[in-house]
Amino acid sequence: MAVAAVFALGGAGIVAGADHLPSAGGRPELTAAADAAVAPGLDAAATALDDLAAQVEALGAAGRSALSALVGADAAGFAAAIAAGEVALDAI
């Protein structure tokens, strides 16, 4: 039993020692140039995703309005909500 415990602890130590993260941020000088090169693209992607999220929210609002108008038997409101949804969908 003692030998099995020693092997188990030794194996756990090897696994813990071999589990290194790709970059823990301990040596930023190694990645600073690549980080600086990627930053503008990441900023542009974040802006594009924010715009997309707003457009999807507008589409969802149009869908909720259409459903509300449909339940309320408001044909004009339903048509307006569908048209707003089509505009939002085209923007997406």
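So, here is what we can say about the structure in this document. (Residues numbered from 1 in each chain as written. Predicted model: local features only at pLDDT ≥ 70, side-chain atom pairs only at ≥ 80, totals over all residues. Heavy atoms only, no water.)

## Overview of the pattern of salt bridges
Under the convention used in this document: Just to be clear on terms, a salt bridge is a Lys or Arg side-chain nitrogen sitting within 4 Å of an Asp or Glu carboxyl oxygen.
A full pass over the atoms with the stated rule returns one salt bridge. In this structure, the salt-bridge partner of Glu 57 is Arg 64, at a minimum N-O distance of 3.1 Å.

## As for helix 3 (residues 75-91)
Here is the rule: To qualify as a helix, a DSSP run of H or I must reach at least 4 residues; to qualify as a strand, a run of E must reach at least 2; elements of each kind are numbered from the N terminus. Each residue after the first adds 1.5 Å to the expected span of a helix. Note on exposure labels: buried denotes an accessible area under 20% of the residue type's maximum, exposed denotes more than 50%, and partly exposed covers the range between, all computed with a 1.4 Å probe on protein chains only. Of all possible arcs, the one meant is that of the directions from the helix axis to the C-beta atoms. We call two residues in contact when some of their heavy atoms are within 4.5 Å.
Taking 1.5 Å per residue, 17 residues should reach 24 Å; helix 3 reaches 24 Å between its end C-alpha atoms and fits that length. For helix 3, the full list of buried residues reads Ala 81, Gly 85 and Ala 88. Taken down its axis, helix 3 places every buried residue within 60° of arc, on the same side. In this structure, helix 3 carries Ala 75, Ala 76, Val 87 and Asp 90 as exposed residues pointing more than 90 degrees from its buried face. On the buried face of helix 3, the contacting elements are helix 2 (32-71).

## Quick notes on unusual backbone geometry
Although it is not a glycine, Ala 73 adopts a positive phi angle of roughly 60°. By the secondary structure assignment, Ala 73 is in the loop between helix 2 and helix 3. The exposed category is assigned to Ala 73, whose relative accessible area is 69%.

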